[in-house]
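The chain contents come next:
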Protein chains: 2
Amino acid sequence: MPGNSDLNIALVGCGTVGSGVVRIVQTSSDLLTQRTGRSIRLRRIVVRDPAKKRDVDLSGIPVSDDIQTVIADPDIQVVIHVVGGINPARADVTSLLEAGKDVITANKALLYAHGAELFGLAHKLGRTICFEAAVAGGIPIISAVTTALTANRIVSIEAILNGTSNFILSRMLDRRQTYEDVLTEAQARGYAEADPAMDVDGTDAAQKLSILTQLAYGTAVPLDAIVRQGIQHIELLDLLVAAELGYRVKLLATSRLSKGRLEIAVQPTLVKADRPAALTNGADNIVSIEGDAVGLMRFSGAGAGQMPTASAVMADVIDYATGRAAITFQSLQRLQSRESIPLQPQEELSRRYYLRFTVADRPHVLADIADILGRNEISISSVRQDETADVDDLSGVARLVIMTHRTTEGRLRSADAAIAKLQSLRGNRIRMPIAD
Amino acid sequence: MPGNSDLNIALVGCGTVGSGVVRIVQTSSDLLTQRTGRSIRLRRIVVRDPAKKRDVDLSGIPVSDDIQTVIADPDIQVVIHVVGGINPARADVTSLLEAGKDVITANKALLYAHGAELFGLAHKLGRTICFEAAVAGGIPIISAVTTALTANRIVSIEAILNGTSNFILSRMLDRRQTYEDVLTEAQARGYAEADPAMDVDGTDAAQKLSILTQLAYGTAVPLDAIVRQGIQHIELLDLLVAAELGYRVKLLATSRLSKGRLEIAVQPTLVKADRPAALTNGADNIVSIEGDAVGLMRFSGAGAGQMPTASAVMADVIDYATGRAAITFQSLQRLQSRESIPLQPQEELSRRYYLRFTVADRPHVLADIADILGRNEISISSVRQDETADVDDLSGVARLVIMTHRTTEGRLRSADAAIAKLQSLRGNRIRMPIAD
């Protein structure tokens, strides 16, 4: 429990974020004491391989590979759990809560998949879970939706929540490089995981959006209820054509109240080039939130990275040490009584779209595609075929870009299924909504 | 004291912001109860003229012109004080604290001038003062610097904090209008006060910057220690020339740690056109804060206006009702023990500058000015004279724009004093730093 004595914490996981946490605890202990009135003491560390060399000094702190050392230590009040993935994180957090420890986590996959279960357990046991670092790294967006903007009914959230995807899309356009080349470089530099699937296919952003949506609207949204597309099939051509039309392509995560229903999607999206989301480059994140009283608020900054994420973890530590975190977490329990907002069926999402097809360069292909769109009542606003320079072209293959007037996701899916059967189709089909 | 019972509040002042507060209390009571677990009840209102017609329904709430009705009511726990100016606000807040009431205020002029005294009194009496709405309206920037970013040492703050000035500068450029024309329109629409002096001369922004600086760095900065210039002498020509050079002119409030000293200024500043501050238009505010761990964070949105400001006031009410506000306010007391950071003397601020002179169109004027700059070791990077169209020109008068290389405020002040004595000078001299 918070109080005026020393605060004894344990750290489970000492990878990138964990090392950043150690660094702040060691270099800013005066700051932490000023902010909390308490001494913050790192009493135990649990890692997979205690023998591994690390770039932070852990001398004087017992390091173990066994979380039981933490669970069994009655002096530990709160545990910073910064290990990714579901297992053993789920079992760890459960055991920690049951042992009377409060938990600070940065694990959005865990919160997305088992947040309700773990929050329920914590509420039952009178424990606290803090998770500022789980969404948008150093940007205090969890704090904004759970405290600062709480006098508002949230109307919309529009965000860039995956730094890896944003880095790749920004770099492809800046350097005129292919997706594959940029990904390889990002992996070499450590900006992208060895297996980047969850980042580039929209899963990571969708998990974060689901967490924000639950907090902002009180509606639990499973991943398969989110219109979700990744960036892995976006070509440089798409970015160049979009740029010529005055847009940037961003992996946009949106949840929006519309006529009493919640529209929710994670998709590469054409955003007007002068809008703040379009200007958010590299690994940065941005979250725009509209509230009925406050209007449109924007928060941006580093959405990942060692020190920004550690900064968010330590903000949780400070909030915990002062007792604020327990109050905020209790208020989340009351919010569960909110009436859930029904989801807009995916098929009914209505937007303008950018469509791109790779087709055999032969007669009647355009006519075939236009015919299918027309039969699905999709109205074409403009058409272009491969005018952009700097694209490595395959011989005999053309790229066809079609911009539509406003239509629905359902009509497009229906048209897409028919177009996919055309013999003249080659490679991937790209469908991106255009943000208004 | 916060608890689980009803929360009885009083409202002093029912102008623009006060009416917004009434509106949220009346329309969102379910939301407030969900967030706090308590019923928030508006028990008393104090206004100058109780007979005045208002656009919110106050029926059922006792309305008085005497704050003693609130002070004497033992059921009132917290008072929302939204009256501008120093008097009687200072005496009101003092009396309220002494009567055992906690206070929520949006009055930055009061906090700037008497914050130390009022905070000291509140701390002595065990009372709480909340002031999220005092800086940047709906943007939760007080919350960010007092809670979310507290694991960081703040390195710099760069902000647009005065919506009126930003509206005027944005509109002048958009519509190619003069300062006077835009100001008149802004006053007619209620965006600018009948007496806009504090907004356009930089006082309002400097007061807000002083409050943020005290919270972020622990250093109290009086207004006369801030390099401060307003926008009232900026001409459309200045905005057009800046635009041609790739800049926007913004009334930028900055406080920055540099070599152990704090540089602090509020000045119309040339900002690269693609930077977020340059893209912040109309009455919006933006605050960029750099922390040693989190890196650069940006917060933007409505910096004023009825509902955004009321949203911030109600965020304070919710924070108060849950008990978080008291904890945060206590932590501010501990921060007073921080060592104060010395201020960089104004004369030593080093930047590139935009200079504009209105001069008699006769020989040797440029030579005279260039000579004075040279004697003050100010190196010229470019010169131009009146090439911009759309400017109503006075006959026989030319406007001369000089961009300098990096130099100091002191050298420029010295040069300016000499240039001011030139017989060929007409009208105002403009000096704006260029943000790097």
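Analysis parameters
- Residues numbered from 1 in each chain as written.
- Chains lettered and ligands numbered in written order.
- Predicted model: local features only at pLDDT ≥ 70, side-chain atom pairs only at ≥ 80, totals over all residues.
- Axes fitted to C-alpha atoms, helices over the stretch in contact; angles between N-to-C directions.
- Helix = DSSP H or I, 4+ residues; strand = E, 2+ residues; numbered from the N terminus.
- Parallel < 35°, antiparallel > 145°, perpendicular 65-115°, else oblique.
- Left-handed = near helix turned anticlockwise from the far one by under 90°.
- Contact = placed C-beta atoms within 7 Å.
- Expected span 1.5 Å × (residues − 1).
- Buried ≥ 20, exposed ≤ 12 C-beta atoms within 10 Å, placed from the backbone.
- Nonpolar A, V, L, I, M, F, W, Y, C, P; charged D, E, K, R; others polar.
- Pairing = 2+ DSSP bridges.
- Domains from an automatic or database assignment.

J.: For the packing of helix 7 (residues 163-175) of chain A against helix 8 (residues 179-189) of chain A, give the residues involved together with the corresponding values.
T.: The geometry of a pair of packed helices is captured by two quantities: the angle between their axes and the separation between those axes. Residues and elements named next belong to chain A. Where helix 7 meets helix 8, the closest approach of the two axes is 9 Å, and the angle between their N-to-C directions is 125°. Considering the angle they form, helix 7 stands oblique to helix 8. Relative to helix 8, the crossing made by helix 7 is right-handed. On helix 8, the residues that touch Thr164, Phe167, Ile168, Arg171 and Met172 of helix 7 are Tyr179, Val182, Leu183 and Ala186.

J.: Could you give an account of helix 7 of chain A, naming the residues involved and the relevant values?
T.: Residues and elements named next belong to chain A. Taking 1.5 Å per residue as the helical rise, helix 7 with its 13 residues ought to reach 18 Å, and the 18 Å between its terminal C-alpha atoms agrees with that figure. Within helix 7, 10 of the 13 residues are buried, which leaves it mostly tucked inside the rest of the structure. Of the positions making up helix 7, those classed as buried are Gly163, Thr164, Ser165, Asn166, Phe167, Ile168, Leu169, Ser170, Arg171 and Met172. On its buried face, helix 7 sits against strand 7 (154-160), helix 8, helix 9 (197-200), helix 11 (236-244), strand 9 (247-258) and strand 11 (284-291). Just downstream of helix 7, Arg176 is the residue with a positive phi angle, here 55°.

J.: How would you sum up the packing of helix 2 (residues 29-36) of chain A against helix 12 (residues 306-322) of chain A? Please name residues and give values.
T.: Residue and element names in this part refer to chain A. Close contact between helix 2 and helix 12 brings their axes to 9 Å; oriented N to C, the two are set at 40°. Relative to helix 12, helix 2 is oriented oblique. In this structure, helix 2 crosses over helix 12, and the sense of that crossing is right-handed. Along its contact with helix 2, which presents Leu32, Arg35 and Thr36, the element helix 12 presents Ile318, Ala321 and Thr322. Looking at side-chain class alone, the contact of helix 2 with helix 12 contains three nonpolar, two polar and one charged residues.

J.: Requested: an account of the interface of chain B and chain A, with residues and values cited.
T.: Taken together, the contacts link 49 residues of chain B with 49 residues of chain A. Only helix 2 (29-36), helix 6 (141-148), strand 12 (295-302), helix 12 (306-322) and helix 13 (324-335) of chain B provide two or more residues apiece to the side of chain B that touches chain A. Among the elements that make up the side of chain B that touches chain A, the one with the highest residue count is helix 12 of chain B (nine residues). Of the strand pairs in this sheet, strand 12 (residues 295-302) of chain A and strand 12 of chain B are connected by three bridges, and their pairing is antiparallel. Across the sheet, the residue bridging to Arg298 of chain A is Ser300 of chain B, located in strand 12 of chain B.

J.: So, the sheet that holds strand 1 (residues 7-12) of chain A: which residues are in play, and what are the values?
T.: All names here are of chain A. A sheet is described by the order of its strands in space; here six strands give the open sequence 3-2-1-4-5-6, paired in parallel fashion. In this open sheet, the two edge strands, each paired with only one partner strand, are strand 3 (63-64) and strand 6 (129-130). The pairing of strand 4 (residues 78-81) with strand 5 (residues 102-105) spans four bridges and is classified as parallel. Pairing of Ile80 across the sheet is with Ile104, part of strand 5.

J.: Quick rundown of the domain arrangement of chain A? Include the residues and the values.
T.: All names here are of chain A. What the domain assignment reports for chain A is domain 1 (7-137 + 308-335), domain 2 (141-301) and domain 3 (346-434). Placing the centre of domain 2 and that of domain 3 at their C-alpha centroids yields a distance of 23 Å. Top contributing element to the side of domain 2 that touches domain 3 by residue count: helix 11, with seven residues. Among the residues making up the side of domain 2 that touches domain 3, the classes are represented as 11 nonpolar, three polar and four charged.

J.: How would you explain the pairing of strand 9 of chain A if you had to name every residue and give the values?
T.: Residue and element names in this part refer to chain A. Across the 12 residues of strand 9, 10 count as buried, placing the element largely inside the fold. As judged from the four bridges shared by strand 7 and strand 9, these two strands associate in the antiparallel manner. Bridge pairing in strand 9 places Glu158 opposite Thr254. Note that strand 9 and strand 10 (residues 261-272) share 12 bridges and pair antiparallel. Its bridge partner being in strand 10, Leu257 is matched across the sheet by Leu262. A loop of two residues connects strand 9 with strand 10, the two strands running antiparallel in sequence, and Lys259 in this loop sits at a positive phi of about 50°.

J.: How would you sum up unusual backbone geometry? Please name residues and give values.
T.: All names here are of chain A. With an omega of 10°, the peptide bond running from Asn87 to Pro88 counts as cis. Within the fold, Pro88 resides in the loop between strand 4 and helix 4 (89-98). Non-glycine residue Ala136 carries a positive phi angle of around 65°. Tracing the backbone through its elements, the reader meets Ala136 in the loop between strand 6 and helix 6 (141-148). Judged by C-beta crowding, with 32 C-beta atoms within 10 Å, Ala136 ranks as buried.

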